[in-house]
Amino acid sequence: MSRKSGIVSHKLYMEPVPVSHFEISHADPHCAARRGVLTTAHGPVQTPAFMPVGTAGAVKGITPDQLKATGAQIVLANTYHLLLRPGVEVVESLGGLHRLMAWDQPILTDSGGYQVFSLSALTRIDEEGVEFASHIDGARVHLNAEIATNLQVRLGADIIMCFDECTPYPVEKARLEKAVARTIEWAKRCKTAYQRSFKFEVSGVEQGETGAFEAGGGSLRTAGASGPQPPACFPLLFGIIQGGVDPKLRRWCAEQIVALGFDGYALGGLSVGEGHDEMIRTVRHTAPLLPADRPRYLMGVGTPADILAAVRAGIDMFDCVLPTRNGRNAFAFTENGPLRLRNNAHVDSTEPVEAGCECYGCRHFTRGAIRHFFNCGEMLGPILLSIHNLTFYQRLMSNIRTHLERGDFAAWAAREFEKHARNDKQQ
Ligand SMILES: [Zn+2]
């Protein structure tokens, strides 16, 4: 059944036992929210989940141990930044991205598309790909579907994203249509590149021949316990739906991307200036077009109110720089609205940033001390508020999951949304 003269039998791999990488345990009867577990090569992610952003391989100001203490299960790293510095060869020579980051839990890498279109000076864009000038030194860099996919595979991420074209807001219809068409075409090429990139790592089997890995990505599959094992796990490959706030384009893009088949689906091109209402309208329209049994990821979102509304619309994953960026700017999220820790009002306050918060900052420091650190330019100020804000976000996600399990999510989320929407307006 297994080996003949050292040759691995193809049959073993052709009849794998499929194990779904995404299991939904609770679906709310009053809205589209769901509670699930996403399984990756570096462990499970409880959903709905929030991913802190580790742009260049580090979540700014936070050690991995501190990050774990906030409740983070998975982090996001930016392919664009890692490609420019230190370069994927250096990451490989340092033992891969998990080793570089000293992070043994799941990592999702974006494809670089968003940064190419938002940070760099584009020098060429066509069907083939893009050429841009690095925002660091102006060096010309070429990126396309194949390169972006291979870079992410080489980085060793657990979830990798298709290369897409992210448009600004507002944008002319013709440009949006073109971007959607390219996103679909590039998704096809990303999937092919993904499958090819593992061709030589699966001993004795070529994916394209057997169809054993035809589903595109890394659903966990195991051969017979006694037989040779395929690689422990492949990264999951997520497709991205673009289309701005245009319902027809979103539908077209979703249909085409879903037809290609991916391990998960992301909504890109939102939170770029369209505002909460337009964004949530688009999410409500698009999420039901995606397979119910695959995770849905809303990229670059958002405020607590955005997250609550998107969870109600059926989103499972989020990432955003707000908790860390705001933390570095002396802005703390609290249940009672934002606090600006530079304000004189806090000069002699002996209160913690948020009463009842279990984070390191709230357990050990007063508002007055943190204000002092910010006023003196002490690094500890930004560090403590980054920890607090990340803990605040993870507490929100944990509460969302708990209420989904209890079956009282809809009523709770309605109250929480009103509160956070009021708080967000004070930002
Ligand atoms: Zn705290």
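Bear in mind that the values here come from a model prediction, so they are computed numbers and not experimental data.

1. Re the sheet that holds strand β17 (residues 296–298)
Strand order across the open sheet formed by eight strands is β7-β18-β17-β16-β15-β13-β9-β8, with parallel pairing between neighbours. Strand pairing shows two members of the sheet lacking a second neighbour, β7 (49–51) and β8 (75–77), which therefore form its edges. Ignoring strand direction, the axes of neighbouring strands in this sheet form an average angle of 25°. Where strand β15 (residues 236–241) meets strand β16 (residues 264–267), four bridges bridge the pair, whose relative direction is parallel. Bridging across to β16, I241 finds its partner in L267. Relative to the sheet, helix α10 (residues 247–260) contacts β15 and β16, its axis offset from that of β15 by approximately 160°.

2. Topic: the sheet that holds strand β10 (residues 121–125)
The strand order across the open sheet formed by three strands is β10-β11-β12, and the pairing between neighbours is antiparallel. With one partner strand each, in any of the chains shown, β10 and β12 (140–144) form the two edges of the open sheet. Put simply, the sheet's adjacent strands are angled 25° from each other on average, direction ignored. The sheet contact formed by strand β11 (residues 129–133) and β12 spans five bridges and is antiparallel. Paired with F132 across the strands is V141, a residue of β12. Across the sheet, helix α7 (residues 145–155) is in contact with β11 and β12; its angle to β12 comes to roughly 90°.

3. A word on α7
Here α7 lies mainly inside the structure; eight of its 11 residues are buried. Within α7 the residues assigned to the buried category are A145, I147, A148, T149, L151, Q152, V153 and L155.

4. Some details on the environment of V153
Along the chain, the position of V153 falls in helix α7. Residues V153 and L237 lie 84 residues apart in sequence; the distance between their C-alpha atoms is 9.9 Å. Beyond its immediate chain neighbours, meaning those up to four positions away, V153 contacts I160, S197 and P235.

5. Topic: the environment of A292
Mapped onto the elements, A292 comes out in the loop between α11 (276–286) and β17. Residue A292 is classed as partly exposed on the basis of its 13 C-beta neighbours within 10 Å. A292 sits 268 residues away from I24 along the chain, and the two C-alpha atoms are 9.1 Å apart.

6. Focus on the pairing of strand β4 (residues 22–27)
Where β4 lies against strand β5 (residues 34–40), five bridges are found, and the strand directions are antiparallel. In the strand pairing of β5, F22 is matched with L38. Counting the residues that bridge the hairpin from β4 to β5 gives six residues.

7. Here we look at unusual backbone geometry
Here T47 and P48 are connected by a cis peptide whose omega angle stands at 0°. Relative to the elements of secondary structure, P48 occurs in the loop between β6 (43–47) and β7. With an omega of 5°, the peptide bond between V301 and G302 qualifies as cis. Mapped onto the fold, G302 is located in the loop between β17 and α12 (304–312). A positive phi is found at A102, a non-glycine position, where the angle reads about 50°. Secondary-structure assignment places A102 in the loop between α5 (97–101) and β9 (107–109). The residue S271 is not glycine, and still its phi comes out positive at about 60°. Summarising the element assignment, S271 is placed in the loop between β16 and α11.

8. Section: the packing of helix α15 (residues 367–376) against helix α16 (residues 380–406)
For the pair α15 and α16, interaxial distance at closest approach is 7 Å and the crossing angle is 130°. The orientation of α15 relative to α16 falls into the category oblique. Contacts between α15 and α16 involve I370, F373 and F374 from the former and L380, G381, L384 and L385 from the latter. Across the contact of α15 with α16, the residue classes break down as six nonpolar, one polar and no charged.

9. Description of helix α8 (residues 173–197)
Its 25 residues give α8 an end-to-end C-alpha distance of 35 Å, which sits within 8% of 36 Å, the value for a rise of 1.5 Å per residue. Turning to α8, its buried residues are L176, A179, V180, R182, T183, I184, W186, A187, C190, K191, A193 and Y194. Structurally, α8 contributes buried residues whose contacts are with α7, β15 and α10.

Procedures and definitions
Residues numbered from 1 in each chain as written. Predicted model: local features only at pLDDT ≥ 70, side-chain atom pairs only at ≥ 80, totals over all residues. Pairing = 2+ DSSP bridges. Helix = DSSP H or I, 4+ residues; strand = E, 2+ residues; numbered from the N terminus. Axes fitted to C-alpha atoms, helices over the stretch in contact; angles between N-to-C directions. Contact = placed C-beta atoms within 7 Å. Buried ≥ 20, exposed ≤ 12 C-beta atoms within 10 Å, placed from the backbone. Parallel < 35°, antiparallel > 145°, perpendicular 65-115°, else oblique. Nonpolar A, V, L, I, M, F, W, Y, C, P; charged D, E, K, R; others polar. Expected span 1.5 Å × (residues − 1).

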